[in-house]
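Commentary on secondary and tertiary structure
The primary structure of each chain is shown beneath.
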Amino acid sequence: MNKTILITASILGILSIVLGAFGAHGLKELISVELQQTFETGVRYQMYHALFLLFVGSTSLIQEKTKKTVFFLTVIGLLFFSGSIYGLATNELTSFNFKSIGFITPIGGLLLIFSWIMLFKDFLKISTKKGK
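What counts and what doesn't
- Residues numbered from 1 in each chain as written.
- Predicted model: local features only at pLDDT ≥ 70, side-chain atom pairs only at ≥ 80, totals over all residues.
- Heavy atoms only, no water.
- Helix = DSSP H or I, 4+ residues; strand = E, 2+ residues; numbered from the N terminus.
- Buried < 20%, exposed > 50% of the residue type's maximum accessible area, 1.4 Å probe, protein only.
- Contact = heavy atoms within 4.5 Å.
- Areas by Shrake-Rupley, 256 points an atom, 1.4 Å probe, with all protein chains shown as cover.
- Lys, Arg positive; Asp, Glu negative; His and termini not counted.
- Charge placed at Lys NZ, Arg CZ, Asp CG, Glu CD.
- Axes fitted to C-alpha atoms, helices over the stretch in contact; angles between N-to-C directions.
- Parallel < 35°, antiparallel > 145°, perpendicular 65-115°, else oblique.
- Left-handed = near helix turned anticlockwise from the far one by under 90°.
- Expected span 1.5 Å × (residues − 1).

1. Re the overall build of the chain
Within the chain one finds 4 helices and 0 strands. When the helices and strands of the chain are placed in sequence order, the string is α-α-α-α. Considered along the principal axes of its C-alpha atoms, the chain spans approximately 55 × 25 × 25 Å. Scored against the burial criterion, the 132 residues of the chain give a buried share of 39%. Across the chain, contacts joining residues at least 24 apart in sequence account for 79% of those joining residues at least 6 apart. About 7,800 Å² of surface is accessible on the chain, with carbon and sulfur atoms providing 70% of the total. Charge-centre separation for the chain: the mean point of 12 positive side chains lies 18 Å from the mean point of 6 negative side chains.

This is the structure we're talking about:
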């Protein structure tokens, strides 16, 4: 599982840099500054969670079952959250109306929050087992 998490984290990091550059340069003339900032929010959250997954995949402090759950919550959360933000920010450039699926943005955000809560719960178990 660790290798899968680390590979996924690397891909997400690469994509966030590519998307960030695309947003800053490729979209500059195509969408408003406000929509560029919206796009950048998706990029930032993607990079934060790529780094998050790098930590999850490289530490032995987290139980394997928790790693698996955190991995899936994070990946699906990012697809919903950042993915929908990318679509919403570039909505006027596509033939698909991303506003029709805009409701998945907060669902993705909740999944990301739950992934952090899972990590928090696992850390609480570790500190209790070792008696601080």
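The rest of the description comes next.
2. A few points about the packing of helix H2 (residues 33-58) against helix H3 (residues 64-89)
A pair of packed helices is captured by two measures, namely the crossing angle of their axes and the spacing between those axes. At their nearest, the axes of H2 and H3 sit 9 Å apart, and the two run at 165° to each other. Taken as axis vectors, H2 and H3 run roughly antiparallel relative to one another. As for the relative orientation of H2 and H3, their crossing is left-handed in sense.

3. Some thoughts on H2
Here H2 is 26 residues long and its end C-alpha atoms lie 37 Å apart, about the 38 Å a rise of 1.5 Å per residue gives. Taken together, the buried positions of H2 are Leu-35, Gln-36, Phe-39, Gly-42, Val-43, Gln-46, His-49, Ala-50, Phe-52, Leu-53, Val-56 and Gly-57.

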